[in-house]
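# Fold and geometry: a report
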Amino acid sequence: MEEIKKTCLHQRHIDLGATMSPFAGYDMPIQYEGIVEEHNAVRNDCGVFDVSHMGEVDIHGPEAERFVNRIFTNDVAGAPVGQCFYGMMLHPDGGVVDDLLVYKRGENHFLFVINAANIAKDEAWILENAKDFDVTVDCLSPEYSELAVQGPNAEKVVEEVLGLQCADLAFYTFKETELGGQPVIISRTGYTGEDGFEIYAAHDVIVSLWDKLLASHRCAPCGLGCRDTLRFEVGLPLYGDELADDITPVEAGLSMFVKIEKPELIGREAIERQKAEGPRRKIVGLELADKAIPRHGYEVLNLDDEVVGHITTGYHSISTDKSVAMAMVDAPYAKRDTPLKVRIRRKTFPCTVVPKKFYKKSYKQ
């Protein structure tokens, strides 16, 4: 049995009395004070997450831009240094290897930030596809730790408590700087629907920054529990739920991040064909008339009690006080306002197809 990993902040989480649980091979904090309290701290003030379990892969060399544009769905060609991109890596059949962020660090120099559960798979995929390109691939996940500082007051906290200038960063941009002579990457990105920043640095730097944030009492420690409720409310996908090896960006409603005009893109033909023909199934939002909570895997039924899909993520939304879900349903039932039902244990509950963004995002543009 593989030994569970620990981030550089593991003892800090234990000392704070966090509820810990295995996630993506790491022992991670699920909550401290409580999911509701932490969720509301991020929506209304400021929260900090330990996301050191995420993976990092550095790609550079004379053909790095051409290679990234082959393996990554968004278009990085000619982008300015300091730009971030969201997108995916695809299998030839259009299924998603992973969704990720790409940071342009220099001309022909990029950093991939990948999901913790997919690190080994992604590294193997990148290295295999890099063989025909003049690039160097450095798998740096063991060297980086990461904090996510999120919420409407995140900018003030990062500048005033951590001493990192960030007000000049536009949404989805980053810069490389130093703290105490050690390199730091800070980006205006996140996974909560609120303004915020993600900070990458060596382990000891991240521990120091965490300690400063907690000592200031201006930033609540937040666990993975509210990270999920926050991303869900604004319609952001989670790999393994709304995206997977057998779920395409078209089915997930994310085809705007796939630039099919790039002839070299892996999976382009499959996505082009699916967009032309229309997908057989789609990720949609559902709103229940009842307070019952739809959970991952629960069946979605049509009015004739035929199974037409399943829940991918569901909660009683903290910010909206509604029972809502994202679900994969057959395409004929994906139209807005379609009446459906969810089977929760032995009962069925009426629901309606709605937009899958249940709460308005508050990014700084």
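So, a few notes on the structure that sits alongside this text. (Residues numbered from 1 in each chain as written. Predicted model: local features only at pLDDT ≥ 70, side-chain atom pairs only at ≥ 80, totals over all residues. Heavy atoms only, no water.)

Another aspect to go through is the overall build of the chain. A count of helical and extended segments in the chain gives eight helices and 19 strands. Radius of gyration (C-alpha) of the chain: 21 Å, near the 21 Å computed for a compact globule of 365 residues. Along the first, second and third principal axes, the C-alpha set of the chain runs to 65 × 50 × 45 Å. When each of the 365 residues of the chain is scored for burial, the buried share is 56%. Counted over contacts in the chain with a minimum sequence separation of 6, partners at least 24 positions apart contribute 66%. Looking at the chain as shown, the accessible area adds up to about 15,700 Å², and 49% of this sits on carbon and sulfur atoms. Averaged over its 40 positive side-chain charges, the chain has a centre that lies 6 Å from the centre of its 58 negative ones. (Helix = DSSP H or I, 4+ residues; strand = E, 2+ residues; numbered from the N terminus. Rg over C-alpha atoms; globule rule 2.2 N^0.38 Å. Buried < 20%, exposed > 50% of the residue type's maximum accessible area, 1.4 Å probe, protein only. Contact = heavy atoms within 4.5 Å. Areas by Shrake-Rupley, 256 points an atom, 1.4 Å probe, with all protein chains shown as cover. Lys, Arg positive; Asp, Glu negative; His and termini not counted. Charge placed at Lys NZ, Arg CZ, Asp CG, Glu CD.)

All chains considered together, the criterion is met by nine aromatic pairs. Between tyrosine 86 and phenylalanine 257, the aromatic rings sit 4.9 Å apart at their centres with planes inclined by 85°, giving edge-to-face as the arrangement. Here tyrosine 86 is found in strand E5 (residues 84-90), whereas its partner phenylalanine 257 is found in the loop between helix H7 (224-233) and helix H8 (268-277), with 171 residues between them in sequence. Residue phenylalanine 257 is classed as partly exposed on the basis of its relative accessible area, which comes to 26%. An aromatic cluster is defined as three or more aromatic residues linked by ring pairs; in this entry it consists of Tyr103, Tyr144, Phe174 and Tyr200. (Phe/Tyr/Trp six-rings, centres within 6.5 Å; stacked < 30°, edge-to-face > 60°.)

Another aspect to go through is the nonpolar core. One broad rule of soluble globular proteins: the nonpolar side chains tend to lie buried together. Grouped together as the largest cluster of nonpolar side chains are 40 residues, with contacts concentrated most on Phe49, Tyr86, Met88, Tyr103, Val113, Ile185 and Leu243. Of the residues forming this core, the biggest block, four residues, is contributed by E5. Here tyrosine 86 is in contact with Phe72, Asn74, Asp99, Leu100, Leu101, Tyr172, Pro237, Leu243, Leu254 and Phe257, once residues within four sequence places are set aside. (Core = buried A, V, L, I, M, F, W, Y, C linked by side-chain atoms within 4.5 Å.)

To continue, consider the packing of helix H2 (residues 35-44) against H7. For any two helices packed against each other, the geometry is given by the interaxial angle and the distance between the axes. Between H2 and H7, the shortest axis-to-axis distance is 8 Å and the interhelical angle comes to 55°. In terms of their interaxial angle, H2 and H7 are classed as oblique. H2 and H7 meet at a crossing whose hand is right-handed. Across from Ile35, Glu38, His39, Val42 and Arg43 in H2, the residues of H7 making contact are Gly225, Cys226, Thr229, Leu230 and Glu233. (Axes fitted to C-alpha atoms, helices over the stretch in contact; angles between N-to-C directions. Parallel < 35°, antiparallel > 145°, perpendicular 65-115°, else oblique. Left-handed = near helix turned anticlockwise from the far one by under 90°.)

Pairing within the open sheet is mixed, and its six strands lie in the order E10-E11-E12-E9-E3-E13. Two strands lie at the open edges of the sheet, namely strand E10 (174-179) and strand E13 (220-222), each paired on one side alone. Each strand axis lies, on average, 25° off the axis of its neighbour in the sheet, ignoring direction. With four bridges connecting them, strand E11 (residues 182-187) and strand E12 (residues 196-201) associate as antiparallel partners. Within E12, the residue paired with isoleucine 186 across the bridge is isoleucine 199. (Pairing = 2+ DSSP bridges.)

All right, on to the pattern of salt bridges then. Taken as a whole, this structure holds 24 salt bridges when the rule is applied. Put simply, arginine 268 and glutamate 272 hold a salt bridge, and the shortest N to O gap is 2.9 Å. With arginine 268 and glutamate 272 both in helix H8, this residue pair falls four residues apart, about one helical turn. Of the charged contacts in the structure, one is a salt bridge between aspartate 321 and lysine 291, with a shortest N-O distance of 3.5 Å. Of this pair, aspartate 321 sits in the loop between strand E16 (307-316) and strand E17 (323-330) while lysine 291 is found in the loop between strand E14 (281-288) and strand E15 (299-301), placing the two residues 30 residues apart along the sequence. Taking the relative accessible area as the measure of exposure, aspartate 321 reaches 48% and is therefore partly exposed. (Salt bridge = Lys/Arg side-chain N within 4 Å of Asp/Glu carboxyl O.)

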